[in-house]
Structures are given as C-alpha cells and as structure tokens.
Amino acid sequence: MSLHKNYIAGEWVGSDGNPNINPSNTNEVVGLYASASVVDTQGAIAAAKAAFPAWSRSGILTRQAILKKAADEIFARREELGALLSREEGKTLAEGIGETIRASQIFEFFAGECLRLKGESVPSVRPNIGVDMTREAVGVVGIITPWNFPIAIPAWKIAPALAYGNTVVFKPADLVPGCSWAIVDILVRAGLPHGVLNLVMGKGSVVGQTMLDSPDINAITFTGSTNTGKRVAMSSIEHNRKYQLEMGGKNPFVVLDDAELDVAVEAAVNSAFFSTGQRCTASSRMIVTEGIHDRFVEAVVTRLNDLVIDDALKAGTHIGPVVDASQLKQDLDYIALGQSEGAKLAFGGRVLSRENPGFYLQPALFTEATNQMRISREEIFGPVASIIRVKDYEEALQVANDTPFGLSSGIATTSLKYATHFKRNAEAGMVMVNLPTAGVDFHVPFGGRKGSSYGSREQGSYAVEFFTTVKTSYTLS
Ligand SMILES: NC(=O)C1=CN([C@@H]2O[C@H](COP(=O)(O)OP(=O)(O)OC[C@H]3O[C@@H](n4cnc5c(N)ncnc54)[C@H](OP(=O)(O)O)[C@@H]3O)[C@@H](O)[C@H]2O)C=CC1
Ligand SMILES: O=C(O)CCC(=O)C(=O)O
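What you see is a predicted model; the values in this text were computed from it and never measured.

The rules we used
Residues numbered from 1 in each chain as written. Chains lettered and ligands numbered in written order. Predicted model: local features only at pLDDT ≥ 70, side-chain atom pairs only at ≥ 80, totals over all residues. Heavy atoms only, no water. Pairing = 2+ DSSP bridges. Helix = DSSP H or I, 4+ residues; strand = E, 2+ residues; numbered from the N terminus. Axes fitted to C-alpha atoms, helices over the stretch in contact; angles between N-to-C directions. Domains from an automatic or database assignment. Contact = heavy atoms within 4.5 Å. Buried area = accessible area lost by both parts, 1.4 Å probe. Salt bridge = Lys/Arg side-chain N within 4 Å of Asp/Glu carboxyl O. Near = heavy atom within 4 Å. Polar contact = N/O pair within 3.5 Å; in protein donor to acceptor, adjacent residues only side chain to side chain. Areas by Shrake-Rupley, 256 points an atom, 1.4 Å probe, with all protein chains shown as cover. Nonpolar A, V, L, I, M, F, W, Y, C, P; charged D, E, K, R; others polar. pLDDT = per-residue confidence, 0-100. Core = buried A, V, L, I, M, F, W, Y, C linked by side-chain atoms within 4.5 Å. Buried < 20%, exposed > 50% of the residue type's maximum accessible area, 1.4 Å probe, protein only. UniProt positions renumbered as here; feature names shortened; annotations may be inferred. Parallel < 35°, antiparallel > 145°, perpendicular 65-115°, else oblique. Left-handed = near helix turned anticlockwise from the far one by under 90°. Expected span 1.5 Å × (residues − 1).

Okay, the sheet that holds strand β15 (residues 344-347) next. What links the strands of a sheet is backbone hydrogen bonding, and the strands pair in either a parallel or an antiparallel sense. The seven strands are arranged β15-β18-β19-β14-β13-β21-β22 in an open sheet whose pairing can be described as mixed. Both edges of this open sheet fall to β15 and β22 (430-433), since each of them pairs with a single strand only. Averaged over neighbouring strand pairs, the angle between their axes works out to 25° when direction is ignored. Sheet topology note: the strand β18 (residues 364-369)/strand β19 (residues 384-390) ladder contains four bridges and is parallel.

Structure below.
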C-alpha cells in the first residue's frame, strides 16, 4: 500500500505511515498516511512564512484560476472522493458525495471572491486628504480541522485563506487524513507555488501543539472540541494572533402543537441521527409541547424503526457507523448516564453486528428527559437524542436557550407569529424553521454564539473578515 506523504515547502516528505481504518469494516485499511514531527511542522511554518510575500502580491487571476481548477477536479472526482470520505469517516455514500460536491462549490465560490475583493474610499475630515480602506492578507494561517466533515471543513478554511493571499499550514484530524491529502494534492497540481500550502498530518499533541506554540503563525482557524479550542485561544492570546473557533453545540429543536407532524418528524430525525449524529449542528434536544408530544414520540419511534444502520458504502444504508471505538464508548457512556439520570430509553441504544466488524450503534431516543440532565447539557456527538416535554411556546423558548452553547436552533410550527418570534429570540448563530438544525448553505455565514464559537463568521463573503486585515491609508492630494 503506497504511503501518502506530508507536503512541506513544495516537497512530498515522510517515511512511515499510520493506517487509516474504515469504521464500517475495521479489517480494512483505507490508506497509509505519514505523521509529521515537531521539526517537520516547524519546517512547514517556515516555508509558509517564506512564501507569503510573493503569494500575497500574486495576481487575483492567478489565485482565481487555481481555486477554480481545484473546484472542477473535486467535482469531476465527486464519486471517488465521496467514497473515500465514507470509507474513512463512516457517513453514507450519499452524504459523502454530497459533502464532496459542497467542497467543490466552496472552492468555486472563493475563486469568484478573488475577483470581488473590495475596498472603500472616503473623504477625510481634513481638507485635501483622501482616505482609503483596503484589505490585506493576514500572513501565515494555521488550519486545524476535526474528523466529522473531512472535506467540507478543510475546504471552507483553505479556500478563503488562499483566495485572500494568505499562506497555509494545514493539520487535518489524525483519524481522517484521506480527503485532506486528496485536496492538497489537487491544489498542488492546480499550480500553487511552493510553500503556499503545507500539509502536516499527524497528532494534535505534536503537530497541532507545535502550530499553537509558533510565533510565526499569524492566525489560527479551528474546528473541534471545546477543550482544544480553549488551548487555541490561550496560545493565540500569548502570541497576539487572530483566532477563530468553531466548537460544540447542544442545539434545540422545538416542536409546537401546531406543527405539521410529518415535517416535524423528518426534520427532527435528520437533525439528531443523520451523519450518525456527528455534526456540531446536530440536535440532541427535542423540546416538544404537550399537545403534540405523544403523537410526535410515536411517529419518531416509527421512523427510527425504518432506518437502516449498516456499512456506509452499502446501497440503502441511512446511517453509517460511529467514527471510532472511543466515540462509540462516549455514546454508550451517555446512554447509560441518561438511564441513570432517570430518562426513559424509548428506542435503540444497542450496539449492532453487521457483515463486517464496525462501530454500529442503533440510534437512541430518550423521553421524559429534563433540561437539567447531563444528557441535555453536554454535547454527545453521536446518534443519541432526548425529548423534553414542555407546556407551551414560552417554556419551549426558555428551555431552548437554557444551554451554554449557541450554534444552531430549530423550530417546527405552522404559526408565523411563533416562527418570527423564535427567529428573533433564539440565542443561536443559525435558526431553522421547519428544517433540520444541520445542513447549511455554502455561500452564507456559518457560526454561533456563547460557548459554540469565537471570532468572526466562517463561509460566504463574511469569511473575508477573518482572512484579511484592514489598512486605512491617508493621502494628501
Ligand atoms: N464542532 C465540531 O465540529 C466538532 C466537535 N467535536 C467534539 O470534540 C470531541 C472530541 O473530538 P476530537 O476530534 O478529539 O476533537 P479535538 O478538539 O481533539 O480535535 C480537533 C482537532 O484539533 C487537533 N488537536 C488535538 N489536540 C491538539 C492540541 N493540543 N493542539 C492543537 N491541535 C490539537 C486534533 O488533532 P487529532 O486529530 O490528532 O486529535 C484535530 O485535528 C467530539 O466528541 C465532539 O464532542 C469533534 C469534532 C468536530
Ligand atoms: O450542518 C452542516 O452542514 C455543517 C455542520 C458542521 O460543520 C459540523 O458539524 O462541524
């Protein structure tokens, strides 16, 4: 099996590889991927620093053409890359291909953004002086990504970083390096100059930590757990650099008495269980008013009974395996905790056997949960959700907002009055009406509030805020 190497200063480097294991079939090695050392990582940072002056002054058509070429290749190879994604992460093939198409759209969008970068010109308050506000690249951007969106999250960080003229040191999640390696290979062949994009696969404690400790990284964009996010924040304050954090969620999905039952059930089941519940935008808290509660529980259980949990690549699979053994243990620990806290396990929660050995978990649904239980307060990051019964809309809104997180928030209702009120008063960065809490567009801002996110928004034209710095210049005429 060939070794997928790191890419540092324009060279593919590395001698030993770690196996990337398929969670649908743990006997299958998806590929061998090199691990960068501290010295490799420092070399990548130095290469990005050296490449910055030329790249930040490169023509916008050069950058646009490279990003467009990458977008086209990702799209052309969507089935192959989608299958790689499903093999390494465990989401279904349809989800893997969908995410790959999304990555291609993101590169295409930011190819266009290269040509849309704007400044402003205003008169000074003093006579005969003009004032210009322009945006410049920040410098070397460190990109640290999680395992749950192996191609979309790297895409939505790498594409804007390069579009606005930054150079990049990119560390993907150790668990899923395959799609990251593929997009770096595509970008390199699309014509990126040496040192502009450096790939350092390997452990967070080694590669990631070396990035955090470096004074030569000017900005870090991170998605992952709250604990690692805090480390990114502390080290960034120490080095006076820009940082952007996308961490967990405990996203509520409110169902009101007047909701259309089918719409509510479909959105709730998608929010909680699709992509095996491994989305920071997943909803694991369904907050349901009492007039519809029993019908809703019954309909959700019926829908869960119909879902096929199996190999991610198999036709007909709705939900693939959990990503690895440690995430499976975390999910099972929370299922046991929910029972000990007094919630009722209304469906699922069993480990399943399939044709090949894998981390298969039946979706778990709790009823009779309260918002004070740990299963209602902590991010589980698996196919585990609970239903909290409430009296009316006012109580539902109060419970929805009673959480340390604030990423996404959803409501199922046919009432314009409640939908409008919820959109205004949900304490979240994203609000969905009659739609799942997860599954977002690629051309609009993504991010949250409270403990979920820090810094300016990712994605869409709002990404310019993080990946550029503003210069104000005064000229005597
Ligand atoms: N909001 C989201 O989208 C996500 C949230 N999570 C949450 O986080 C939990 C744990 O997931 P996990 O993948 O371990 O999340 P982590 O925060 O550990 O990992 C995210 C990224 O940070 C890296 N990292 C780890 N330690 C350091 C460090 N000291 N310095 C710099 N970078 C580091 C990881 O590397 P490595 O891969 O080598 O560990 C990975 O690339 C999940 O159960 C879930 O609750 C997880 C994934 C996504
Ligand atoms: O909901 C989505 O499509 C994106 C979710 C996401 O980025 C995440 O879970 O990390």
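With that out of the way, let us pick up the domain arrangement of the protein chain. When cut into domains, the protein chain gives domain 1 (3-247 + 452-476) and domain 2 (251-433). Distance between the C-alpha centres of domain 1 and domain 2: 31 Å. Listed per partner, the contact involves 24 residues of domain 1 and 27 residues of domain 2. Note on domain 1 versus domain 2: buried area summed over both sides is about 2000 Å², and carbon and sulfur give 58% of it. For the domain 1 face of the interface with domain 2, the top three residues by lost area are Ser24, Trp147 and Ser452, together amounting to 25%. Where domain 1 packs against domain 2, one counts zero salt bridges. Elements supplying a minimum of two residues to the side of domain 1 that touches domain 2: β5 (25-34), α3 (78-89) and α4 (93-114). The leading source of residues in the side of domain 1 that touches domain 2 is α3, at four residues.

Now for the site of ligand 1. Lining the immediate surroundings of ligand 1 are 27 residues, of which Thr145, Gly204, Ser225, Thr228 and Met247 lie closest. Within the side chain of Trp147, one N or O atom sits 2.9 Å away from an oxygen atom of ligand 1. Taking Arg231, its side chain carries an N or O atom lying 3.4 Å from a nitrogen atom of ligand 1. Burial of ligand 1 by the protein chains amounts to 84% of its free accessible area of 850 Å². Those elements that place two or more of their residues in the shell around ligand 1 are α7 (204-213), β11 (219-223), α8 (226-238) and α11 (325-341). At four residues, the largest contribution of residues to the shell around ligand 1 is made by α7. A per-class count over the shell around ligand 1 returns 10 nonpolar, 12 polar and five charged. Composition of the shell around ligand 1 by domain shows at least three residues from each of domain 1 (3-247 + 452-476) and domain 2 (251-433).

Before going further, it helps to examine the confidence of the model for the protein chain. Averaged over all residues, the pLDDT of the protein chain equals 98, while 100% of them reach at least 70. Taken together, the chains of this predicted complex give a pTM of 0.97 and an interface ipTM of 0.94.

Right, let's talk about the nonpolar core for a bit. Counting residues in hydrophobic clusters, the biggest one holds 68 residues, and the most contacted among them are Leu67, Phe107, Phe110, Ile158, Leu162 and Leu187. When residues of this core are assigned to domains, at least three map to each of domain 1 (3-247 + 452-476) and domain 2 (251-433). Contact partners of Leu162, with chain neighbours within four places excluded, come to Trp55, Arg63, Leu67, Val168, Leu187, Leu192 and Val196. Ranked by size, the runner-up nonpolar core spans 29 residues in total, among them Val255, Val300, Phe347 and Ile387.

Let us look at the UniProt feature "domain: Aldehyde dehydrogenase" (unreviewed entry) in the protein chain. In the numbering used here, UniProt assigns the feature "domain: Aldehyde dehydrogenase" (unreviewed entry) to residues 14-472. Helix makes up 42% of residues 14-472 and strand 23%. Its end C-alpha atoms lie 44 Å apart.

The next thing to look at is the packing of helix α9 (residues 261-273) against helix α10 (residues 290-306). Orientation of α9 relative to α10, taken along the N-to-C sense of each, is 55°, at an axis distance of 10 Å. Between α9 and α10, the interaxial angle falls into the category oblique. Between α9 and α10 the crossing geometry is right-handed. Residues Leu261, Ala264, Val265, Glu266, Ala268, Val269 and Phe273 of α9 pack against Ile292, Arg295, Phe296, Ala299, Val300, Arg303 and Leu304 of α10. Among the residues forming the contact of α9 with α10, the class breakdown is 11 nonpolar, no polar and three charged.

As a further point, take the site of ligand 2. The local shell around ligand 2 consists of Arg102, Asn148, Phe149, Ile153, Trp156, Arg279, Cys280, Thr281, Ala438, Gly439, Val440 and Phe446. Between ligand 2 and the protein, one listed contact pairs an oxygen atom with a backbone N or O atom of Cys280 at 2.4 Å. Within the backbone of Gly439, one N or O atom sits 2.8 Å away from an oxygen atom of ligand 2. Protein chains bury 99% of the 290 Å² of accessible surface belonging to ligand 2 in isolation.

Take the environment of Ala71 next. In this structure, Ala71 sits in helix α2 (residues 60-76). Not counting the four nearest positions on each side in its chain, Ala71 is found in contact with Ser104, Phe107 and Glu108.

For the rest of this paragraph, the subject is helix α6 (residues 178-189). The first and last C-alpha atoms of α6 sit 17 Å apart over 12 residues, in line with the 16 Å expected at 1.5 Å per residue. The buried fraction of α6 is high, at 11 of 12 residues. Residues Gly178, Cys179, Ser180, Trp181, Ala182, Ile183, Val184, Asp185, Ile186, Leu187 and Val188 constitute the buried set of α6.

Before going further, it helps to spend a moment on the sheet that holds strand β6 (residues 120-123). Taken in spatial order, the three strands line up as β6-β7-β25 in an open sheet, and their pairing is antiparallel. Since the sheet does not close on itself, it has two edges, and those belong to β6 and β25 (468-476), each with one partner. Between one strand axis and the next, the sheet turns through 20° on average, direction left out of account. Taken together, the four bridges between β6 and strand β7 (residues 129-137) define a ladder with antiparallel strand orientation. Following the sheet pairing, Ser121 is matched in β7 by Asp132.

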